[in-house]
Amino acid sequence: MGQLTTHVLDTMQGRPAAGMAVALWRTGEPAPLRELVLNADGRADGPLLTGPAFTAGRYRLVFAVADYFRAQGVALPDPPFLGDVVLDFGIADAAAHYHVPLLASPWSYSTYRGS
C-alpha cells in the first residue's frame, strides 16, 4: 500500500525542524487535506496520506518556514526572504511510497523524492 510522508531539517541550526507547521493540499481543492505540526524529529507522527485517500494526482505541501524560524528566535527581515515554502508535486503510482523531505534555512531550501 502506498503512502506519503515528509520531514524537515533545519539546515541553519543543524537539527530537525520540530514545531514547523505543514499543510497538505490536493491541487484544485478548496481546503487542505491535512494540517499538522512536525514532531521532535521534524516528522509527522504518521503518513500524511495512506490507504484509499492516497490516490494519483497533483498535490501541494506548504511549509511555514518563516513562522518556524521566528519561533526559533531568528531575526528575519520584513518581509522575510522565504515565507511559506510551497512544493507542488505529482503522485503517479498510488502503490508506491512517496517521501518528500525539505531542507530549509531562512534563505534557501531544497527537496527531492526520498525513499
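Residues numbered from 1 in each chain as written. Predicted model: local features only at pLDDT ≥ 70, side-chain atom pairs only at ≥ 80, totals over all residues. Heavy atoms only, no water.

## Describing the overall build of the protein
1) Next: When its secondary structure is counted, the protein shows one helix and nine strands.
2) Next: Against the globule reference of 13 Å for 115 residues, the protein gives a C-alpha radius of gyration of 14 Å, in line with a compact fold.
3) Next: Counting only C-alpha atoms and orienting by the principal axes, one finds that the protein spans roughly 40 × 30 × 20 Å.
4) Next: Sequence-distant contacts, at least 24 apart, represent 63% of the contacts inside the protein between residues at least 6 apart.
5) Next: Put simply, the protein shows about 6000 Å² of open surface, and 55% of that area lies on carbon and sulfur atoms.
6) Next: Of note, the protein has its 8 positive side-chain charges centred 4 Å away from the centre of its 10 negative side-chain charges. (Helix = DSSP H or I, 4+ residues; strand = E, 2+ residues; numbered from the N terminus. Rg over C-alpha atoms; globule rule 2.2 N^0.38 Å. Contact = heavy atoms within 4.5 Å. Areas by Shrake-Rupley, 256 points an atom, 1.4 Å probe, with all protein chains shown as cover. Lys, Arg positive; Asp, Glu negative; His and termini not counted. Charge placed at Lys NZ, Arg CZ, Asp CG, Glu CD.)

## Points about the environment of Leu48
1) Next: Mapped onto the fold, Leu48 is located in the loop between strand 4 (34-37) and strand 5 (49-50).
2) Next: Separated by 44 residues in sequence, Leu48 and Leu4 have C-alpha atoms that sit 5.4 Å apart.

## Some points on a nonpolar patch on the surface
1) Next: A cluster of nonpolar side chains, namely Met12, Phe81 and Trp107, defines an oily patch on the protein surface of about 370 Å² accessible area.
2) Next: Mapped onto the elements of the fold, Met12 is located in the loop between strand 1 (3-10) and strand 2 (15-16).
3) Next: Note on Met12: relative accessible area 39%, which makes it partly exposed. (Patch = residues over 30% accessible without salt bridge, like charges linked within 9 Å, V, L, I, M, F, W, Y side chains within 5 Å. Salt bridge = Lys/Arg side-chain N within 4 Å of Asp/Glu carboxyl O. Buried < 20%, exposed > 50% of the residue type's maximum accessible area, 1.4 Å probe, protein only.)

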